[in-house]
Amino acid sequence: ADIIDLPASMGKVAFPHKQHQEALKDCKACHQNGPGKIAELNKDWAHKTCKGCHAEMKKGPTSCKECHKK
Ligand code: HEM
Ligand code: HEM
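Below you will find a few notes about this structure.

**Observations regarding the coordination of the iron atom of ligand 2**
- The iron atom of ligand 2 binds to the protein through His20 (NE2) and His54 (NE2), with metal-donor distances spanning 1.9 to 2.0 Å.
- Note that the iron atom of ligand 2 binds six donor atoms; their angles at the metal cover 86 to 180°, and the shape is octahedral. Of this pair, His20 sits in helix H1 (residues 17-24) while His54 sits in helix H2 (residues 43-57); the two residues are 34 residues apart in sequence, bridging distant segments of the chain.
- On the basis of relative accessibility, which here comes to 23%, the residue His20 falls in the partly exposed class.

**Let's talk about the coordination of the iron atom of ligand 1**
- Coordination of the iron atom of ligand 1 by the protein is provided by His17 (NE2) and His31 (NE2), with metal-donor distances spanning 2.0 Å.
- Viewed at the metal, the six donor atoms of the iron atom of ligand 1 are separated by angles of 87 to 180°, and the geometry they form is octahedral. With a gap of 14 residues between them, His17 in helix H1 and His31 in the loop between H1 and H2 connect regions that are remote in the sequence. With respect to burial, His17 and His31 carry one shared label: buried.

**Notes on the site of ligand 1**
- Around ligand 1, 15 residues are found, and the nearest of them are His17, Cys27, Cys30, His31 and Ile38.
- Take His31: an N or O atom from its side chain is 2.8 Å from a nitrogen atom of ligand 1.
- The separation between an oxygen atom of ligand 1 and a polar main-chain atom of Ile38 is 2.9 Å.
- The dominant element in the shell around ligand 1, judged by the number of residues it contributes, is H1, at four residues.
- The residue inventory of the shell around ligand 1, partitioned by class, reads eight nonpolar, five polar and two charged.

**A word on the site of ligand 2**
- In the vicinity of ligand 2 lie 16 residues, with Gln19, His20, Cys50, Cys53 and His54 positioned nearest.
- Note that an oxygen atom of ligand 2 is positioned 3.0 Å from one of the side-chain N or O atoms of Gln19.
- Within the side chain of His20, one N or O atom sits 2.8 Å away from a nitrogen atom of ligand 2.
- Counting residues per element, the ones that place at least two in the shell around ligand 2 are strand E2 (12-16), H1 and H2.
- Element by element, the count of residues in the shell around ligand 2 is highest for H2, at five residues.
- Of the residues assigned to the shell around ligand 2, the class counts are ten nonpolar, five polar and one charged.

Conventions used here
Residues numbered from 1 in each chain as written. Chains lettered and ligands numbered in written order. Predicted model: local features only at pLDDT ≥ 70, side-chain atom pairs only at ≥ 80, totals over all residues. Heavy atoms only, no water. Donors = N, O, S within 2.8 Å, 3.2 Å for Na, K, Ca; no water. Tetrahedral: all angles 85-135°; square planar, octahedral: opposite > 155°, others 65-115°. Helix = DSSP H or I, 4+ residues; strand = E, 2+ residues; numbered from the N terminus. Buried < 20%, exposed > 50% of the residue type's maximum accessible area, 1.4 Å probe, protein only. Near = heavy atom within 4 Å. Polar contact = N/O pair within 3.5 Å; in protein donor to acceptor, adjacent residues only side chain to side chain. Nonpolar A, V, L, I, M, F, W, Y, C, P; charged D, E, K, R; others polar.

Spelled out as structure tokens, the structure:
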């Protein structure tokens, strides 16, 4: 899917997967163990991986409500 909905208690995160594939051109940024389901995907992983990268690249959302929408 182009957009993957990730459920979360404070509002789901609509993750633009295709956009990340095209922008990063590197599956391993998220799929360390190969493409497909990410077993370690949870709040801590997402905040470290998603928010961490956005902060580092100074691109992409880093505040709660930019990602979490009710
Ligand atoms: C899920 C492939 C890059 C994050 C998936 C799935 C596949 C896949 C096959 C499972 C789809 C589904 O269950 O509907 C790939 C390939 C990539 C790539 C081939 C590189 C070209 C990325 C990148 C990120 C990412 C760069 C993060 C920035 C995710 C997430 C999921 C996912 C969060 C959902 C995981 C889950 O529900 O457990 N990807 N992906 N992917 N991908 Fe990727
Ligand atoms: C942009 C979510 C992981 C790099 C974005 C946007 C969202 C998002 C919502 C804004 C898209 C838009 O409106 O244009 C997420 C989530 C992640 C994740 C939920 C984890 C599952 C990552 C990672 C990296 C990354 C790991 C880098 C390794 C970027 C970049 C942009 C972006 C570079 C800007 C893309 C562009 O301008 O085309 N992300 N992201 N993201 N993210 Fe992520």
